[in-house]
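This is what each chain is made of:
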Amino acid sequence: MTDNDTQSAQPIGVSGSGPALVSAIVPARNEEAVIAQCLESLAEQPEIREILVVDDESTDRTAEIVRDLAARFPKVRLLQSGGPPDGWVGKNYAVSVGAREATGDWFLFTDADAEHLPGSTAQALQKTSETGAALISFSPEQVTERWYERVLLPFIYCRLAKLYSYDAVNDPKSPAAAANGQYLMMQRAAYESIGGHASVAGEVLEDVAIARIAKRAGHRIWFGPGVGAVRVRMYRSFAAMWEGWKKNLYRLVGGTPRAALSELDATVPWMVILVLLVGIKLPWALFLGVILLLARQLGYGVQLTRNQYPFSFIVYYVPAVALYAGVLWASYRSHVAGRIVWKGREYQMEVPGAAGK
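Report on the accompanying structure.

Calculation notes
- Residues numbered from 1 in each chain as written.
- Predicted model: local features only at pLDDT ≥ 70, side-chain atom pairs only at ≥ 80, totals over all residues.
- Heavy atoms only, no water.
- Pairing = 2+ DSSP bridges.
- Helix = DSSP H or I, 4+ residues; strand = E, 2+ residues; numbered from the N terminus.
- 1 Å grid on protein atoms, 1.4 Å probe; cavity = no way out; pocket = protein on both sides within 12 Å on 5 of 7 lines; lining within 4 Å.
- Points joined across faces, edges and corners; volume = space filled by probe spheres on them.
- Nonpolar A, V, L, I, M, F, W, Y, C, P; charged D, E, K, R; others polar.
- Core = buried A, V, L, I, M, F, W, Y, C linked by side-chain atoms within 4.5 Å.
- Buried < 20%, exposed > 50% of the residue type's maximum accessible area, 1.4 Å probe, protein only.
- Contact = heavy atoms within 4.5 Å.
- Expected span 1.5 Å × (residues − 1).
- Arc of directions from axis to C-beta.
- Phe/Tyr/Trp six-rings, centres within 6.5 Å; stacked < 30°, edge-to-face > 60°.
- Axes fitted to C-alpha atoms, helices over the stretch in contact; angles between N-to-C directions.

### Things to note about the sheet that holds strand β10 (residues 230-232)
For step 1, the next point in the chain: Spatially, β5-β10-β7 is the arrangement adopted by the three strands of the open sheet, whose pairing is mixed. Two strands bound the open sheet, and with one partner strand each, they are β5 (114-116) and β7 (141-142).
For step 2, the next point in the chain: As defined by bridge partners, β5 adjoins β10 across three bridges and the pair is classed as antiparallel. Bridge pairing links A114 to V232 in β10.

Right, dumping it as structure tokens:
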């Protein structure tokens, strides 16, 4: 067992050293529509000592809302990021600003659109005690209100569940690592030992990158479903949803052209499409194509229920495949060009595999 393994086996404040103290760190850039619900839900968690909101050059009422909430909740404190230096993604720098000011034994990194359900922090700390993990991450329940959310989000999360198996990620012997930045709690000592967010300064997929670095350093990680602990409505417009997944999806499926093509091959029902095209002239082929399509839909229904989505969402299967393929292609093209746009900022970066390396 390595020194890091020893450190991870007894998380600070969970066994033998009194109650754990948690610092919640919330990066916020133009989050006036959601920030209040997030902070109110965090303030109700007794294990959270402080809530550090880092305003990342917002141009809306985000800072004003946080100041109003700070008057109601002494835990809340507003910080200013001042904008990211060269080589940093804005969110990563904002989070690092909060981490420098945090005083807790554990750092809870969470997005401004996350709603933390009662008892969620206690649940996460209990999980660290049970598993000896130095990094805990919940994959939040995804709230889907509009048709486009119900089409794309369940399909993406069903695919991610295959690409990032909880069992593999949580196995210390497996190199697989993943986390969800909407809810990522990390032991302070472990976080500082890997260099914090400075170690992933330019990463657009910083949560997975942090998990990989932590696991390679010998820290145990635990990643699991967050139903009953935290829920998120990620996007409130189709344009925001498209931009968000365009930023991340290529990296999530592997970050190389080969991985992207393999993912398209696995998700697009090419055989069904071919048989249906033949069915334009041969009625029996059309019938066979419909049967094959229904079989694919039923298979998708099984994945939906396994990932705690309504089985009825199978009706969105065909548009889900089309949207998924479209945004994956757009994400690939964006990374090939080395140009990532997110929340009004453009990042020029080299992405491994984008040029076919």
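### Notes on empty space enclosed by the protein
For step 1, the next point in the chain: A complete count under the given rule lists one cavity of 30 Å³ or more for this structure.
For step 2, the next point in the chain: Taken as a whole, the largest cavity encloses approximately 90 Å³ of empty space.
For step 3, the next point in the chain: Every element with two or more residues in the lining of the largest cavity is listed here: α4 (90-101), β4 (106-110) and α9 (206-216).
For step 4, the next point in the chain: For the lining of the largest cavity, the per-class residue count stands at five nonpolar, four polar and four charged.

### What about the nonpolar core?
For step 1, the next point in the chain: Within the largest apolar cluster, 98 residues are counted, with the highest numbers of intra-cluster contacts made by L39, I51 and W245.
For step 2, the next point in the chain: If one sorts the elements of this core by residue count, helix α6 (residues 147-163) sits on top with nine residues.
For step 3, the next point in the chain: In contact with W245, not counting residues within four places along its chain, are L152, L153, I156, Y157, M234, Y235, L252, V327 and S331.

### Quick look at helix α5 (residues 120-131)
For step 1, the next point in the chain: For α5, built from 12 residues, the straight-helix expectation of 16 Å at 1.5 Å per residue is met to within 8% by its first-to-last C-alpha distance of 16 Å.
For step 2, the next point in the chain: By the burial criterion, the buried members of α5 are S120, T121, A124, L125 and T128. Around the axis of α5, the buried residues are gathered within 140° of arc, so they sit on the same side.
For step 3, the next point in the chain: Close packing links the buried residues of α5 with β1 (22-28), β2 (48-55), β4, β5, β6 (135-139) and β8 (183-187).

### Things to note about the pairing of β6
For step 1, the next point in the chain: Burial analysis of β6 places five of its five residues in the buried class, the great majority of the element.
For step 2, the next point in the chain: Of the two faces of β6, the one holding L135, S137 and S139 and the one holding I136 and F138 are both buried throughout.
For step 3, the next point in the chain: Looking at chain direction, β6 and β8 are connected through three bridges and run antiparallel. Looking across to β8, one finds that L135 is bridged to M186.
For step 4, the next point in the chain: As paired strands, β6 and strand β9 (residues 221-225) are joined by five bridges and run parallel to one another. Each bridged residue has a counterpart across the sheet, and for F138 the counterpart in β9 is G224.

### Thoughts on the environment of E31
For step 1, the next point in the chain: In this structure, E31 sits in the loop between β1 and α2 (35-43).
For step 2, the next point in the chain: E31 sits 127 residues away from C158 along the chain, and the two C-alpha atoms are 27 Å apart.
For step 3, the next point in the chain: E31 has contacts with D60, T62, A112 and K343, leaving out every residue within four places of it along the chain.

### A short note on the packing of aromatic side chains
For step 1, the next point in the chain: The tally for this structure, following the rule as stated, stands at 18 aromatic pairs.
For step 2, the next point in the chain: When the ring of F155 is compared with that of Y300, the centres are 5.4 Å apart and the planes differ by 50°; the resulting orientation is tilted. Highlighted residues: F155 in helix α6 and Y300 in helix α13 (residues 283-306), separated in sequence by 145 residues. In this pair, the class of F155 matches that of Y300, namely buried.
For step 3, the next point in the chain: Between F238 and W242, the ring centres sit 6.1 Å apart and the planes meet at 20°, which makes this aromatic pair stacked. Residue F238 and its partner W242 are both found in helix α10 (residues 238-252); the two are separated by four residues, about one turn of the helix.
For step 4, the next point in the chain: The exposure class of F238 is partly exposed, given its relative accessible area of 32%.

### Brief notes about the sheet that holds β9
For step 1, the next point in the chain: Sheet architecture is open: seven strands sit in the order β3-β2-β1-β4-β8-β6-β9, paired in mixed fashion. Edge strands, defined here as strands with exactly one partner in the open sheet, are β3 (76-80) and β9. Taken over all neighbouring pairs, the strand axes of this sheet differ in orientation by 20° on average, direction set aside.
For step 2, the next point in the chain: Relative to β4, β1 is paired through four bridges, and the arrangement is parallel. From the neighbouring strand, I25 faces β4, where its bridge partner is F109.
For step 3, the next point in the chain: Strands β6, β8 and β9 of the sheet are contacted by α9, whose axis makes an angle of about 30° with β8.

### Digging into unusual backbone geometry
For step 1, the next point in the chain: Even without being a glycine, E57 presents a positive backbone phi close to 55°.
For step 2, the next point in the chain: Relative to the helices and strands, E57 resides in the loop between β2 and α3 (62-72).
For step 3, the next point in the chain: Even without a glycine there, the phi angle at Q308 is positive, about 65°.
For step 4, the next point in the chain: Residue classification places Q308 among the exposed positions, given a relative accessible area of 54%.

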